[in-house]
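# Tertiary structure, described
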Amino acid sequence: MEDQFDSVANYEATRSKIGYEPRKIATQETYNRIGFMSGLEVHQQLKTRYKLFCRCPAGIFHRNDQFNAELIRHMRPTLSELGEYDGTALMEFKTRKNIFYRINNENACTYEIDDTPPFLLDKKSLEIALEISLLSKLNIVGEVHITRKQYLDGSIPTGFQRTAILGVEGHIELKNKTIRLIQLSIEEDSCREISDIGHNRVFKTDRLGMPLIETVTYPEMTNPDEVMEACDYIRFLNRSTGKVLTGPGAGRQDVNVSCKGGTRVEIKGVAHTKWIPELTHNEAFRQWALLEIKEELERRNIKGENWKINHTPLNIDKTTFPEPFKQKYAAAGEKFIAVALPGFKGLLSHFTQPEKIFANELAERLKVIACLEHPNMFHTEELTPTFDSAFWEEIRNSLNAKKDDALLIFRAPEDDVTTALEVIQERCEMAFDGVPKETRKSFENGTTIFERVLPGADRMYPDTDSAPIPLTNDYIEGLKQNMPNDIVERYEQMQEWNIPEDTYTYILSKNLYPIIHKIITELKYAPLFTGVFFGQHLKFIEGQYKKGQNFSYEIVYGLFKFAQEHKLKSNILYPMLSIIYEQPQMEFDSVLTDVRYKPHSKEEILAPVDFLREKYREIGRVQTEQAENNWIMGELRHRAMGNMEYKTLMNELKKR
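Criteria and cut-off values
- Every chain's residues receive numbers from 1 upward, in the order its sequence appears when written.
- Residues qualify for local features only when their pLDDT is at least 70, as the model is predicted, and side-chain atom pairs are given and counted only at 80 or more; totals for whole chains, interfaces and linings, by contrast, use all residues.
- Note that the side-chain values use all heavy atoms of the structure and ignore hydrogens as well as water.
- Pairs of strands are assigned from DSSP output, requiring at least two bridges between the strands.
- Secondary structure elements are taken from DSSP: a helix is a run of H or I of four residues or more, a strand is a run of E of two residues or more, and numbering for both begins at the N terminus.
- Pairing of aromatic rings covers Phe, Tyr and Trp, the last through its six-membered ring, and needs centres within 6.5 Å; plane angles under 30 degrees mean stacked, over 60 mean edge-to-face, and all others mean tilted.
- Between buried and exposed lies partly exposed: a residue is buried under 20% and exposed over 50% of the maximum accessible area for its type, with that area taken using a 1.4 Å probe on protein chains only.
- Any Lys NZ or Arg CZ that is within 6 Å of a ring centre and within 35 degrees of that ring's normal is treated as a charge sitting over the ring.
- Of the two site types, the cavity is a set of points on a 1 Å grid over the protein atoms alone where a 1.4 Å probe fits but cannot get out, and the pocket is an open set with protein on both sides within 12 Å along at least five of seven lines, each lined by residues with an atom within 4 Å of a point.
- Grid points are joined across faces, edges and corners, and a volume is the space filled by probe spheres set on the points.
- Under the grouping applied here, Gly and all other residues not named as nonpolar or charged are polar, the nonpolar ones being Ala, Val, Leu, Ile, Met, Phe, Trp, Tyr, Cys and Pro and the charged ones Asp, Glu, Lys and Arg.
- By this rule the span expected of a helix is its residue count minus one, scaled by 1.5 Å.
- The criterion for a disulfide is a pair of cysteine sulfur atoms lying within 2.5 Å.
- The split of the chain into domains comes from an automatic or database domain assignment.
- Throughout, a residue-residue contact means that at least one pair of heavy atoms, one from each residue, lies within 4.5 Å.
- Two parts lose some accessible area (1.4 Å probe) when they are put together, and adding that loss for both gives the buried area.
- Salt bridges are identified by distance alone: a Lys or Arg side-chain nitrogen within 4 Å of an Asp or Glu carboxyl oxygen.
- Under the rule applied, a polar contact is a pair of N or O atoms within 3.5 Å (in protein, one hydrogen donor and one hydrogen acceptor; residues adjacent in sequence only if both atoms are side-chain atoms).
- To qualify as a nonpolar core, a set must consist of buried Ala, Val, Leu, Ile, Met, Phe, Trp, Tyr and Cys residues joined through side-chain atoms within 4.5 Å.
- Under this scheme, a helix contributes an axis fitted over its contacting stretch, all axes are lines through C-alpha atoms, and angles between N-to-C directions fall in the 0 to 180 degree range.
- By the definition adopted for this analysis, an angle is roughly parallel if under 35 degrees, roughly antiparallel if over 145, roughly perpendicular if from 65 to 115, and oblique otherwise.
- When the near helix sits turned anticlockwise from the far one by under a right angle, the crossing is termed left-handed; a clockwise turn instead gives a right-handed crossing.

### A look at the pairing of strand β21 (residues 448-453)
Where strand β20 (residues 438-442) lies against β21, five bridges are found, and the strand directions are antiparallel. Within β21, the residue paired with Glu-438 across the bridge is Val-453. Remark: five residues form the turn of the hairpin made by β20 and β21, two consecutive strands paired antiparallel; Gly-446 in that turn has positive phi of roughly 95°.

This is how it looks when you write it as structure tokens:
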């Protein structure tokens with residue numbers, strides 16, 4: 001019988017061996033120890049009427065089942081100018097995917113499906129992108145050259161994305177450091193994925209071709225919080241123009257992470273900046289763990305040059321698979337292949353990420369490259385075992401495997417077996433080198449999975465369908481005239497106004513600063529009240545109420561102006577906002593009626609005070625001055641609304 005191996009204990013031991021610390025307790029010393037390094041690629045959709053290279057409307061989306069036509073394509077790699085194939089393209093070609101596109105006539109044309117050449121680049125998109133480039137302190141190029149970036153994952157029907165660099169070598173100012181920017185590019189957005197099952201991947205083309213900018217930083221962030229701060233800054237800067245789209249999918253970021261001795265790994269399409277700290281933390285430690293696996297292989301004196309897996313097919317009827325397993329998988333008609341990984345015992349259950357082990361690295365590539373749906377693999381070091389040790393002893397004998405070999409079984413259609421074996425061999429060979437260059441998909445819990453091989457420079461080549469676009473000095477100088485002020489200046493101004501710092505992220509992310517500034521400077525409302533009203537109360541309303549179809553933040557400015565013109569105290573704004581947020585079409589006069597506002601003089605408001613004091617002394621359970629005043633305040637609150645500030649009312653009660 002096989003020796004009992006405690007996979008859970010091994011997971012915990014290897015987790016401890018690499019010095020993994022949860023992000024909540026990690027310090028800068030932690031990140032210095034592992035050599036944490038990160039950079040960003042921040043993508044932002046622009047608010048334009050048209051798509052970038054055609055005249056289809058931008059920003060019109062539809063449901064997955066709303067389409068007028070469906071197109072199928074098979075992607076093939078092409079040689080670069082240097083006569084080389086991009087690694088990502090070759091990987092995607094190996095998957096043998098059928099790519100389906102669902103096309104809606106309302107927002108797609110023959111350009112989207114690569115049946116006509118591109119139109120001229122949309123002028124409005126270029127103008128917005130250049131404005132943001134200037135805000136980013138980038139050096140603007142003298143001429144815009146459009147290039148093609150190869151994408152064979154099917155997300156673009158042409159197999160490439162048209163893109164152009166607009167500015168280079170800029171910078172942004174964080175609280176404690178300056179982060180340099182490599183470049184800002186303008187490019188067309190990709191399709192939205194509907195599903196990816198087996199060899200079939202389905203997209204819809206509503207987002208395809210929308211104008212998108214990409215801001216790329218140098219890898220100068222040395223801890224996860226700096227990465228999130230830099231990402232937020234770029235997002236706030238983009239939104240400060242008021243010319244970019246907001247909402248789900250409008251802003252996405254790719255995060256590049258490495259550790260000392262590791263390599264650049266790209267975490268693709270991070271949907272929320274609040275995910276960034278956990279994702280970058282875990283990715284740096286994942287690489288640190290893979291480097292430890294490399295060192296362990298060296299200690300075992302296992303050489304990668306001649307290392308080969310050993311495999312044999314299994315007959316599901318003649319192998320002693322448990323009956324429930326047979327009932328679940330026997331009817332699928334798949335092949336079951338047993339594989340021995342020489343000298344790898346103890347490595348499959350080696351910690352890589354929280355609740356993830358090295359075996360996941362194999363299973364993820366089997367899903368993506370060999371198109372084997374999960375669960376596609378079972379092995380000797382599962383944290384929750386599928387088979388007992390007697391079963392694995394039988395498999396070990398059938399493979400003539402040694403005691404220090406790790407064993408696994410994968411299931412696959414016959415056509416995918418060869419690819420699956422290649423994937424396992426290739427990923428194990430990569431373990432001898434440490435960290436493979438790859439793109440990974442992010443999850444909210446801070447973990448990632450393999451998505452594709454990291455693209456290289458070979459996938460870029462000139463677009464022969466698009467002429468260069470000259471940018472004159474006069475044109476650039478004209479764009480500078482109406483630029484918003486810098487994000488740093490906005491930070492400093494809000495600090496000067498004593499607006500609480502915990503409101504800054506919300507205010508800047510929603511681009512509310514211009515409205516707040518306008519209310520303070522034009523309507524003369526108190527800065528602290530205005531900032532807190534937007535940064536705390538409006539945020540609360542957005543979280544608790546359903547937004548009306550035509551609500552905009554400019555309506556809130558109108559609400560402040562209405563209150564000022566009618567000499568209403570600022571406390572009336574709170575109940576009015578909750579109604580306006582859900583029913584923005586209502587007239588402000590009607591909203592006043594809805595909140596049951598009635599004008600009262602100071603004397604009328606305070607008239608019942610003596611009566612209320614006597615009543616409280618009869619019914620009040622806590623007979624203190626503060627409790628009494630608080631109760632009376634509650635009774636008079638509605639009378640005071642819009643007529644007397646609550647703070648003034650409390651002061652009057654204290655006087656009496």
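### Brief notes about the packing of aromatic side chains
Under the definition given, this model contains 37 aromatic pairs. Pairing Phe-325 with Phe-378 gives two aromatic rings, centres 5.2 Å apart and planes at 80°, and the pair type is edge-to-face. One end of the pair, Phe-325, is in helix α7 (residues 323-329); the other, Phe-378, is in strand β18 (residues 377-379), with 53 residues separating them in the sequence. A relative accessible area of 7% means that Phe-325 is categorised as buried. Overall, Phe-378 belongs to the buried group, its relative accessible area being 5%. Between Tyr-329 and Phe-336 the ring centres are 6.5 Å apart and the planes differ by 65°, which places this aromatic pair in the edge-to-face class. The same class applies to Tyr-329 as to Phe-336, namely buried. Here the aromatic residues Phe-321, Phe-325, Tyr-329, Phe-336, Phe-378, Phe-387, Phe-391 and Trp-392 are joined through ring pairs into a cluster of three or more. The residue whose ring lies beneath Arg-365 is Phe-450, and the NZ or CZ to ring-centre distance is 4.1 Å. Directly above the aromatic system of Tyr-646 lies the positively charged group of Arg-637, at a separation of 4.0 Å from the ring centroid.

### Side note on the layout of surface pockets
Counted as a void, the second largest pocket has a volume near 260 Å³. Listing elements by their share of the lining of the second largest pocket, those giving two or more residues are β17 (356-357), α8 (358-368) and β18. The biggest single contributor to the lining of the second largest pocket is α8, with four residues. Grouping the constituent residues of the lining of the second largest pocket by class yields eight nonpolar, five polar and four charged.

### Considering helix α4 (residues 123-135)
In this model, α4 (13 residues) spans 19 Å end to end at C-alpha, consistent with the 18 Å of a helix rising 1.5 Å per residue. Of the residues making up α4, those classed as buried are Ser-125, Leu-126, Ile-128, Ala-129, Leu-130, Glu-131, Ile-132, Ser-133, Leu-134 and Leu-135. Residue Lys-137 follows α4 closely and has a positive phi angle near 60°.

### Re the state of the cysteines
Enumeration over the complete set of coordinates arrives at zero disulfides. Of all cysteine sulfurs, the one in Cys-54 lies closest to Cys-191, which takes part in no disulfide; the gap is 12 Å. We note that Cys-371 lacks a disulfide partner, and the nearest cysteine sulfur, in Cys-191, lies 18 Å from it.

### Details of the domain arrangement of the protein chain
Domain assignment breaks the protein chain into domain 1 (7-18 + 301-436), domain 2 (35-264), domain 3 (487-594) and domain 4 (602-655). For domain 3 and domain 4, the distance between their C-alpha centres works out to 28 Å. Each side of the interface is counted separately: domain 3 has seven residues, and domain 4 has seven residues. Across the domain 3/domain 4 interface, buried area totals approximately 540 Å², and carbon plus sulfur atoms make up 54% of it. Area buried by domain 3 at its contact with domain 4 is led by Lys-569, Asn-571 and Ile-572, which between them contribute 77% of it. The tally of links from domain 3 across to domain 4 stands at zero salt bridges. Counting every contact that joins domain 3 to domain 4 gives four residue pairs in polar contact (both at pLDDT 80 or more). Here the residues of the side of domain 3 that touches domain 4 are counted per class, giving three nonpolar, two polar and two charged.

### Things to note about the nonpolar core
Formed by 157 residues in total, the largest nonpolar core has its most connected members in Leu-341, Phe-344, Phe-410, Phe-534, Phe-560 and Ile-572. If you tally residues by element for this core, the top one is helix α6 (residues 276-299), at 10 residues. Sequence-distant contacts of Phe-534, defined by excluding residues within four places in its chain, comprise Tyr-506, Leu-512, Ile-515, Ile-516, Ile-519, Lys-539, Val-556 and Phe-560. Of all hydrophobic cores here, the second largest spans 17 residues; its members include Tyr-329, Phe-336, Ala-338 and Ala-340.

### Brief notes about the packing of helix α14 (residues 513-522) against helix α15 (residues 527-544)
Between α14 and α15, the shortest axis-to-axis distance is 10 Å and the interhelical angle comes to 150°. The angle between the axes of α14 and α15 places the two elements in the roughly antiparallel class. As for the relative orientation of α14 and α15, their crossing is right-handed in sense. Residue-level contacts link Ile-515, Ile-516, Ile-519 and Ile-520 of α14 to Pro-527, Thr-530 and Phe-534 of α15.

### Concerning helix α17 (residues 573-582)
Of all 10 residues making up α17, seven are buried, and the element is well covered by its neighbours. Turning to α17, its buried residues are Leu-573, Met-576, Leu-577, Ser-578, Ile-579, Ile-580 and Tyr-581. Each element contacted by the buried residues of α17 is listed here: α15, α16 (553-565) and α18 (588-594).

### Description of the environment of Lys-318
Topologically, Lys-318 is positioned in the loop between β14 (310-314) and α7. With relative accessibility at 70%, the residue Lys-318 sits in the exposed group.

### Examining the sheet that holds strand β3 (residues 98-103)
Strands sit in the order β2-β3-β10-β9 across an open sheet of four strands; the sheet is mixed. At either end of the open sheet lies a strand with only one pairing partner, and these are β2 (69-73) and β9 (192-197). Between one strand and the next, the sheet's axes are offset by a mean angle of 20°, whatever the strand orientation. Pairing geometry for β2 and β3, over five bridges, is antiparallel. Looking at the pairing, Ala-69 lines up with Ile-103 of β3.

### Overview of the side chain of Asn-10
Tracing the sequence through the fold places Asn-10 in helix α1 (residues 7-17). Take Asn-10: its relative accessible area is 17%, and that puts it in the buried class.

### With respect to the environment of Tyr-597
Structurally, Tyr-597 is set in the loop between α18 and α19 (602-606). Relative accessible area serves as the criterion here: at 18%, Tyr-597 is assigned to the buried category. Between the alpha carbons of Tyr-597 and Ile-132 there is a distance of 45 Å; along the sequence they are 465 residues apart. Those residues in contact with Tyr-597, other than ones at most four positions away along the chain, are Leu-568, Ile-572, Leu-592, Met-641, Gly-642 and Asn-643. In this structure the side chain of Tyr-597 is engaged in a polar contact, spanning 2.9 Å, whose partner is the side chain of Asn-643.

### Focus: the sheet that holds strand β15 (residues 335-341)
Across the sheet, four strands lie side by side as β14-β15-β19-β18; this open sheet has antiparallel pairing. With one partner strand each, in any of the chains shown, β14 and β18 form the two edges of the open sheet. Shown here is a sheet whose adjacent strand axes are inclined to one another by a mean of 20°, direction ignored. Relative to strand β19 (residues 406-412), β18 is paired through three bridges, and the arrangement is antiparallel. Looking at the pairing, His-379 lines up with Leu-408 of β19. Contacts between helix α9 (residues 389-399) and the sheet are confined to β14, β15, β18 and β19, with β19 contributing the most and set at about 90° to the helix.

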